[in-house]
Amino acid sequence: MSNTHEHAAELEHHDGHGHDHEHAEVSGPVTFAVPGGLKKGAFGLIAVGAILLGIGIATAGEHSAWRLWSNLLISSLFYAFVAVGAGFIVAIMHVTKAGWGAVTRRVPEAMTTYLPVALLTMLVVGGLGLHDLYEWSHPDIVAEDHLLRHKAAILNPTFYMSIVVIFIGGWWLLTTLLRKNSVAQDSDGDVKHTGKNVVTSVLFLIFFGLSITIGSLVWLMSVEPHWFSTMFGVYQFAGAHKAAAAAGTLILVYLSNNGHNKYLKPDHLHDWGKMMFAFSTFWAYIWVSQFLLIWYANIPEETGYFLLRQEPSWMALFALNVILNWVIPFFTLLPRPNKRNPAILVPVAIVVLLGFWLDLYLQVMPATSHFAAEHLKLEHLHGPFMGALEIGPMALLGGVFLLIVPAMMAKVSLVPVKDPYLQESLHHQQ
Amino acid sequence: MSVQATNNANDNQYLVGIFDDEDLILGATKATRGAGLPIYDCYTPYPVHGLDTAQGLPRSWITYATFGFAALGFCTSMFMQTYTQAIETPFWSGWPLIIGGKPFWPLTAFVPILFELTVLFAGIGTALTLLASNKLYPGNKPKFSLPGITDDRFALVLDPGQKGFDEGRARDLLSRHGASEITWVQGQ
């Protein structure tokens, strides 16, 4: 009996009264130095990507410029969308005054610093690759095509390049403002930065909604310039958001597992897991909405998109797309403990990122290969195309992403130490 | 002391600590559980984060009910659509119609209804299960009458019938953790 009492007294002493662990404080900036291994890995990925790209170009043979440019377009947009999707997450946190995420916000903020590279790569694609990608960039074809003549006001190289500069430049500018303001608060602790960021976020969200819609139409949908879908913009947005949530989750798990940010709790990962779960499902909802209406209406000018992708050569990937992007994340992340478990979050996030790549791949490659075969009068161009040309650009830009994002995280505190929502975030419970 | 505890247990009496703040009841609950005093339940005007772990409650089983109802909704939807659209036998038939030249069993067209019924069954089923499991149905008499706990007060109820109950220690602990009131309450 006395034993129990002593034990009880001890527990009370530990757990009672002030319950001091309830008032965790961040004593100062949480510094992060990029580990040498990570830096080496990023450089290694860049080297591997460059070598693969070189091998791909050397071995692809003639009449494969379309394949090179398709992959450069896919990889450019992949990382551009991941970066701007992270910007969207930051903006949503500011606008909704989300308390839970303050301790994680530096990660998506750092991810947006990749955007200047995205601007550069899209300028390269737009400047050099248009003729191999887009039917509408050939004046002789447009001259004979009634529909393309009507669409020429938007589908032309000048407009293409202008929106690359204005949209990606705008994303860069606005996300830089958000990040700058947030970092400035670390030193002066002024609440006005939070208010400012709400205003900037609102502007960003309006701009983002319009720009990702128009950008998707011009950069992606116009690989099939006769086809159209009113769901296309929101479809890309759904993909971008879930991919950004997956990439952010990977970085957060890395930081938490290696002890770089000890304030991260399973509760924070839980919310990022929820975001990945929710937006995978949102993506599936949009995917079905686009497919269902076209299937139902059965109008020839709309069904071509899906008929091409349901040809035997693409059908397996077409099905795999839905499995990677929705079936796997939905059923693995449905139980609560799985959303809090890094050992499950990491593989699911990787699957979601692979799925996002496949999603872009399936939008571009069937169309560009079809156009190339027709235009170059080639006999046989049946997908799927998988090789050094597909992996090279993704690895190369992935290495750049891994070089820039941790370096930018290392420049500032990993936790916004004077954010008014920080206390709420530290005490966040699920 | 133990005599009184036994008496109270027989009388279906419960020792209740009333708190005016969620932080206070959270701290008190943790300490009570740490001290090995038996907690009957906590009553709060709104969900208090962390109170379930403080009480040591196991993971709720309601989510399994949700999944079960969702699966039931999915199956009901699939069955009804298949039956009405695609079943034709000499003994038992639905009413297959040609709609837009689509097949009689068009899975794509089923998707929205599958989705809606899955969500509907899961939502309503979860709500009803939750009410039933909390004994919130017409005709049920409430266990306690605790004034103010649907308003602005938080009650921590200790169960004297369980092992480890000690009124003196319980009163001491509750008052040290900021209970504004400690009383015996008659349970139904």
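Residues numbered from 1 in each chain as written. Chains lettered and ligands numbered in written order. Predicted model: local features only at pLDDT ≥ 70, side-chain atom pairs only at ≥ 80, totals over all residues. Heavy atoms only, no water.

Engineer: I keep staring at the environment of Pro35 of chain A and nothing clicks. Help me out?
Structural biologist: Residues and elements named next belong to chain A. Positionally, Pro35 belongs in the loop between α1 (2-15) and α2 (36-59). Given a relative accessible area of 23%, Pro35 falls into the partly exposed group. Spatially, the C-alpha atom of Pro35 lies 19 Å from that of Ala47, the residues being 12 residues apart in sequence. Excluding anything up to four places from it in sequence, Pro35 contacts Tyr254 and His260. (Helix = DSSP H or I, 4+ residues; strand = E, 2+ residues; numbered from the N terminus. Buried < 20%, exposed > 50% of the residue type's maximum accessible area, 1.4 Å probe, protein only. Contact = heavy atoms within 4.5 Å.)

Engineer: Looking at this model, I keep getting lost on the pairing of strand β1 (residues 13-19) of chain B. Mind explaining?
Structural biologist: Each regular strand displays side chains that alternate between the two surfaces of the sheet. All names here are of chain B. Counting buried positions over the seven residues of β1 gives seven, a clear majority of the element. Residues Gln13, Leu15, Gly17 and Phe19 of β1 are buried on one face, and the alternating residues Tyr14, Val16 and Ile18, pointing to the opposite face, are buried as well. Bridging between β1 and strand β4 (residues 181-186) involves six bridges; their strand directions are antiparallel. Bridging from a neighbouring strand, Gln13 pairs with Gln186 of β4. Of the pairings in the sheet, the one linking β1 to strand β3 (residues 154-158) comprises five bridges and is antiparallel in character. (Pairing = 2+ DSSP bridges.)

Engineer: What am I meant to see in unusual backbone geometry here?
Structural biologist: One can expect most non-glycine residues to show negative phi and most peptide bonds to be in trans. Residues and elements named next belong to chain A. Here Lys97, not a glycine, exhibits a phi torsion of approximately 50°, which is positive. With respect to the element layout, Lys97 can be found in the loop between α3 (65-95) and α4 (106-111). The phi dihedral of Asn298 falls on the positive side, at around 60°, and the residue is not glycine. With respect to the helices, strands and loops of the structure, Asn298 is situated in the loop between α12 (266-297) and α13 (300-309). Residue Asn298 is classed as partly exposed on the basis of its relative accessible area of 49%.

Engineer: Would you mind showing me how to read helix α2 (residues 22-34) of chain B here?
Structural biologist: For an α-helix the count is 3.6 residues per turn, leaving residues at separations of three or four pointing the same way. All names here are of chain B. Here α2 is 13 residues long and its end C-alpha atoms lie 18 Å apart, about the 18 Å a rise of 1.5 Å per residue gives. Where α2 is concerned, the buried positions are Ile25, Leu26, Gly27, Ala28, Thr29, Lys30, Ala31, Thr32 and Gly34. Looking at the residues trailing α2, positive phi occurs at Gly36, about 80°. (Expected span 1.5 Å × (residues − 1).)

Engineer: Explain the pattern of salt bridges here, please?
Structural biologist: Two side chains with opposite charge may pair up if their charged atoms get near one another. Counted under the stated rule, the structure contains 12 salt bridges over all chains. Among the salt bridges present, the one from Arg106 of chain A reaches Glu109 of chain A, with a minimum N-O distance of 2.9 Å. Taken together, the residues Arg106 of chain A and Glu109 of chain A, both in helix α4 and three residues apart, mark about one turn of the helix. Of the residues examined, Glu109 of chain A reaches a relative accessible area of 1% and is grouped as buried. The closest approach of N and O atoms between Arg171 of chain B and Glu167 of chain B, which form a salt bridge, is 2.7 Å. Here Glu167 of chain B and Arg171 of chain B lie together in helix α6 (residues 167-176), a separation of four residues that amounts to about one turn. Given a relative accessible area of 30%, Arg171 of chain B falls into the partly exposed group. Overlapping salt bridges, with partners in common, bring together Arg105, Arg106, Glu109, Asp186 and Asp419 of chain A in one network. (Salt bridge = Lys/Arg side-chain N within 4 Å of Asp/Glu carboxyl O.)

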